[in-house]
Amino acid sequence: MSEQIQTIDNPQTSIKPPNPRFQNAKNTFKKIRKSRNAVLGGLLILFFIIVSLVGPHLVPYDYDTQDVVNKLAPPSSEHWFGTDHFGRDIFSRIIHGMGITLGTGFAAVALGATVGVLFGIISGYYGGKIDTVIMRLMDILLAFPGILLALAIVSILGGSIINVIIAVAISSIPVFARIVRGSTLSVKKLEYIDAQKALGASDSRILFKHILPNVSSPIIVQATLSIAIAIISASGLSFLGLGAQPPSPEWGAMLSAGRNYLYSAPHVALFPGLAIVAVVLAFNVLGDGLRDALDPKMKD
Amino acid sequence: MFKFIVRRIIQTIPVLIGVSILVFSMMHLVPGNPAVIMAGESAPEETVEAIEERLGLNDPLPVQYFSFLGNALQGDLGESIRSGRDVTAEISARFWVTVELAIYSTILSIFMGLIAGIIAATKRNTSIDTGVMILALFSLSMPNFWLGLMLIQWFAIGIDLPAWVPFFESTGWFAPSGWGNLDQVLLPVITLGTGGAAVIARMTRSSMLDVLDQDYIRTARAKGVKEKVVVYQHALKNALIPVITVTGLQFGGLLGGTVLTETVFAINGLGRLIIDSILARDFPVVQGTILVVALLFVFVNMLVDITYQFVNKRIDLE
């Protein structure tokens, strides 16, 4: 449709107009590149992803290699971050755990966002009873404050990293549903949607080809910020003993073990926490940058 | 206004019913027989049957739900499998500890957040603004359970700092656990309130910046009104409106956050009751506590909405 209009408007009809979708992506990327925060956060996350993939092969110790003689040793040139109560190298464990942390965050938000976006777009587009039912359901989920919903779900499913992902995903659904519903409501009133309807486009085509791309900015921003929240929630559940189980090098579980050695070996609890802060900070910086670049109207 | 309040109260009813259904379903969504899980795999059959009988697990589901709802409305949330005590008694013994913790933390986060946000907004684009906002971003990215551990480390246990570190000799200033005295209250409140303070600071800053750009502020300045009066009387009043909503949401986050904070500081509140009961598979207590916390949150949200309506007269006129 827009291709046709461009061709008519363009006096040099012999030149093939640029693919609008590609052009769109290019423009978006340009905007993002201008935001210092987005670039900084993005590069940090890229670095963390590379570390999580390559790091485990480079670190000197496996995550469960025990050096019983060197239990609770403070940081040294041999063990950069010291060792834990089994004499395991904390630095190596943190590098091994990076993949778990990033994977949990990405998986939980991918799952939660997919379901939330679906709910939101259907709710906003169809309105009426479907809208009421879906949004009341979201209200009910939102009535469980903070980590409580995830906690309730894990208590039903039992403690494991997969169940933590499911629990965190479910508790992130309502935010996406609400945001996407709001954006869908405003986009569906636009003329080009009417035009698509007049051309006889199917509902699913309108929803996923014409509305979804136009509500994607707030989704991307929210997803980035949600990953930060998901990482904190997931490590919190592991800290409580309801997520990753020992000897997993999950950072929340490592912190939980370090709790018992605050008196004798404070470094055991220090470094996993710093690692969480670093990764979460990167996602928050990226999220802030993306929001400034893509969605100046959306504020925290 | 009265109409609005009534409508808002009526709106919460379906949510409350939904919450009660969800909490009720918890026990039935558990894979396997909940009575067996609660009694333990190796428990004799009589124990399992006794639990089934006590919880009415043999009745049809709708019957079970309505008896759960009816009892809950009368303040009866069943009996703890672990201690045999009334769940209501278990909860009411700890309720105020958690509410106190959440309220103190909210007060702290409003106080710190507002000050930081106002400073950042009035010193817009200076190094002070940048510094405050970086600090806020850090606080936002810090898991509160880790912050709690670090505070215990520094201010309750004390750490051996090298002699060249100025500033202080860290010793056990505060208690590492418990609740009640000032030396026990401060660290958990800081732990729980810091994240909220960061959110409120960011909100206050952006909201203040919006307001400071408006015409009536320019008019006030042109009239020669003192800068302090402009900021604190003219701008802040309007900038606070969106902050109220965030504060309400923060209170909910804090209620959830008490679970971790109470665990770190060994505080005997609702959060720890939930965790201990989950680990012990004591479902009646888990259900009852989660129900009470959710109800509290729904109630607070309602209050926030009504306050918002009351403060924001612009909406009323429309």
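Residues numbered from 1 in each chain as written. Chains lettered and ligands numbered in written order. Predicted model: local features only at pLDDT ≥ 70, side-chain atom pairs only at ≥ 80, totals over all residues. Heavy atoms only, no water.

## What about the overall build of chain A?
Quick reminder of the rule: Working definition: helices are DSSP H or I runs of at least four residues, strands are E runs of at least two. Numbering for both runs from the N terminus. For the exposure calls, accessible area comes from a 1.4 Å probe over protein chains only, and a residue counts as buried if that area is under 20% of its type's maximum, exposed if over 50%, partly exposed in between. When checking whether two residues touch, look at their non-hydrogen atoms; a contact exists if any pair is within 4.5 Å. Accessible surface is estimated by sampling points in the Shrake-Rupley manner with a 1.4 Å probe; for residues, cover comes only from the protein chains shown. For the purpose of counting charges, residues Lys and Arg are taken to be positive, whereas Asp and Glu are taken to be negative. His and the chain ends are not included. Lysine's charge is taken at NZ, arginine's at CZ, aspartate's at CG and glutamate's at CD.
When its secondary structure is counted, chain A shows 12 helices and 0 strands. Each principal axis of the C-alpha distribution contributes one length, and for chain A these read about 80 × 45 × 30 Å. Expressed as a percentage of its 300 residues, the buried residues of chain A come to 50%. If you take every contact in chain A between residues at least 6 apart in sequence, the share linking residues at least 24 apart comes to 69%. Summed over all atoms, the accessible surface of chain A reaches about 14300 Å², with 64% contributed by carbon and sulfur. Taking the 24 positively charged and 18 negatively charged side chains of chain A as two groups, their mean positions are separated by 9 Å.

## Thoughts on the nonpolar core
The criterion, for reference: Nonpolar core, defined: a set of buried Ala, Val, Leu, Ile, Met, Phe, Trp, Tyr and Cys residues in which side-chain atoms within 4.5 Å join the residues together. For each domain, the first and last residues come from an automatic or database assignment.
One finds L151, I211 and L237 of chain A together with V19 and I290 of chain B to be the most contacted residues of the largest nonpolar core, which totals 144 residues. The residue makeup of this core includes at least three contributed by each of domain 1 (2–73) and domain 2 (87–311) of chain B. Once you skip the residues sitting within four places of it in the chain, L237 of chain A turns out to touch I147, A150, L151, V154, V164, V168, L242 and G243 of chain A.

## Some details on the packing of aromatic side chains
Residue and element names in this part refer to chain B. Operational definition: Classification of ring pairs rests on two measures: the distance between centres of Phe, Tyr or Trp rings, Trp counted by its six-membered ring, which must be within 6.5 Å, and the angle between planes, read as stacked under 30 degrees, edge-to-face over 60 and tilted in between.
Counted according to the given criterion, the structure contains 11 aromatic pairs over all chains. Ring centres of F24 and Y65 lie 5.4 Å apart, and the angle between their planes is 70°; on these two criteria the pair is classed as edge-to-face. In this pair, F24 is assigned in helix α1 (residues 2–29) and Y65 in helix α4 (residues 61–73), connecting sequence segments 41 residues apart. A residue is classified by how much of its surface remains accessible, and F24, at 10% relative accessible area, is buried. Y65 sits in the buried class, given a relative accessible area of 10%.

## Section: the environment of N71 of chain B
Examined against the element boundaries, N71 of chain B turns out to sit in helix α4. Once the C-alpha coordinates of N71 of chain B and L192 of chain B are considered, the two residues, 121 residues apart in sequence, prove to be 33 Å apart.

## Remarks on a positive patch on the surface
Going by this rule: A patch consists of residues exposed above 30% relative accessible area that lack any salt bridge, with like charges linked at up to 9 Å and nonpolar side chains (Val, Leu, Ile, Met, Phe, Trp, Tyr) linked at up to 5 Å. Salt bridge, as applied in this entry: a Lys or Arg side-chain nitrogen positioned within 4 Å of an Asp or Glu carboxyl oxygen.
Taken together, the side chains of K26, K30, R33 and K34 of chain A define a basic patch exposed on the protein surface. Relative to the helices and strands, K26 of chain A is located in helix α2 (residues 20–34).

## Examining the interface of chain A and chain B
Stated formally: Take the accessible area each of two parts loses on contact, using a 1.4 Å probe, and add the two losses: that sum is the buried area. Residues adjacent in sequence count toward polar contacts only when both atoms are side-chain atoms; beyond that, a polar contact is any pair of N or O atoms within 3.5 Å, and within protein one must be able to donate a hydrogen and the other to accept it. Residue polarity follows a fixed list, in which Ala, Val, Leu, Ile, Met, Phe, Trp, Tyr, Cys and Pro are nonpolar, Asp, Glu, Lys and Arg are charged, and the others, Gly among them, are polar.
Each side of the interface is counted separately: chain A has 41 residues, and chain B has 48 residues. Buried surface at the junction of chain A and chain B, both sides included, amounts to about 3900 Å², of which 77% is carbon and sulfur. Seen at the junction of chain A and chain B, the total is 1 salt bridge. Notably, a salt bridge pairs R202 of chain B with D288 of chain A, separated by 3.0 Å at the nearest N-O pair. Between chain A and chain B we count 7 residue pairs in polar contact (both at pLDDT 80 or more) in total. For the side of chain A that touches chain B, the secondary-structure elements that each account for two or more residues are α5 (128–142), α6 (148–157), α10 (216–239) and α12 (267–294) of chain A. Here the side of chain A that touches chain B gets 12 residues from one element, more than from any other, and that element is α12 of chain A. Of the residues belonging to the side of chain A that touches chain B, the class tally is 27 nonpolar, 8 polar and 6 charged.

## A short note on the packing of helix α4 (residues 90–126) of chain A against α5 of chain A
Residue and element names in this part refer to chain A. To keep things clear, this is the line we draw: Convention adopted: a line fitted to C-alpha atoms gives each axis, helices being fitted over their contacting stretch, and angles between N-to-C directions are expressed from 0 to 180 degrees. The sense of a crossing depends on the near helix, which, turned anticlockwise from the far helix by less than a right angle, makes the crossing left-handed and, turned clockwise, makes it right-handed.
At their nearest, the axes of α4 and α5 sit 7 Å apart, and the two run at 145° to each other. Like other packed secondary-structure pairs, α4 and α5 cross with a definite hand, here left-handed. For the pair α4 and α5, contact is made by F119, I122, S123 and Y126 and by G128, I130, D131, I134, M135 and M138, respectively. Looking at the contact of α4 with α5, its residues break down into 7 nonpolar, 2 polar and 1 charged.

## Let's talk about a nonpolar patch on the surface
A surface patch of nonpolar side chains, about 660 Å² in accessible area, is lined by V39, L43, L46, I50, L53, V54 and L58 of chain A. Here L58 of chain A is to be found in helix α3 (residues 36–58).

## What to know about helix α7 (residues 161–187) of chain A
Cut-off, in case you're wondering: Here the expected span of a helix is defined as 1.5 Å times the quantity of residues minus one. We define the bend at any residue as the angle between the axes fitted to the seven residues before and including it, ending there, and the seven starting there.
Across its 27 residues, α7 of chain A extends 38 Å between first and last C-alpha, which sits within 8% of the 39 Å expected from 1.5 Å per residue. The largest bend in α7 of chain A comes to about 30°, at S172 of chain A, with the proline P174 of chain A one to four residues further on.

## Observations regarding the side chain of T83 of chain A
Residue and element names in this part refer to chain A. Structurally, T83 is set in the loop between α3 and α4. In this structure T83 comes out as buried when scored by relative accessible area, which is 0%. Those residues in contact with T83 that sit more than four places away from it in its chain are N70, K71, L72, A73, R88, D89, I90, H267 and V268.

## Thoughts on α12 of chain A
Between its terminal C-alpha atoms α12 of chain A stretches 40 Å, which fits the 40 Å expected from 28 residues at 1.5 Å a residue. Counting buried positions along α12 of chain A gives 24 out of 28 residues, so the element sits mostly inside the fold.

## Describing the domain arrangement of chain B
All names here are of chain B. Once the domains are mapped, chain B shows domain 1 (2–73) and domain 2 (87–311). Here domain 1 and domain 2 have C-alpha centroids that lie 33 Å from each other. In this assembly, 19 residues from domain 1 lie in contact with 15 residues from domain 2. The largest contributions to the domain 1 side of the interface with domain 2 come from F4, R8 and M26, which together make up 29% of the buried area. At the boundary of domain 1 with domain 2, the tally comes to 1 salt bridge. Two residues, R8 and D305, come together in a salt bridge whose shortest N-O distance is 2.7 Å. Here domain 1 is connected to domain 2 by 3 residue pairs in polar contact (both at pLDDT 80 or more). Contributions of two or more residues to the side of domain 1 that touches domain 2 are made by α1, α2 (34–39) and α4. When residues in the side of domain 1 that touches domain 2 are grouped by element, the largest group, 13 residues, is from α1. Of the residues that constitute the side of domain 1 that touches domain 2, the class distribution is 16 nonpolar, 2 polar and 1 charged.

## Topic: the pattern of salt bridges
Residue and element names in this part refer to chain A. For the structure on display, the rule yields 12 salt bridges over all chains. A salt bridge links R88 to D84; its shortest N-O distance comes to 2.9 Å. The same class applies to R88 and to D84, which are both buried. Here R291 ties to D288 by a salt bridge, and the two come within 2.8 Å at their closest N and O atoms. Here R291 and its partner D288 are both found in helix α12, 3 residues apart, which amounts to about one turn of the helix. Here the two residues R291 and D288 agree in accessibility, since each one is buried. Because the salt bridges share partners, they merge into one network encompassing D84, R88 and R93.

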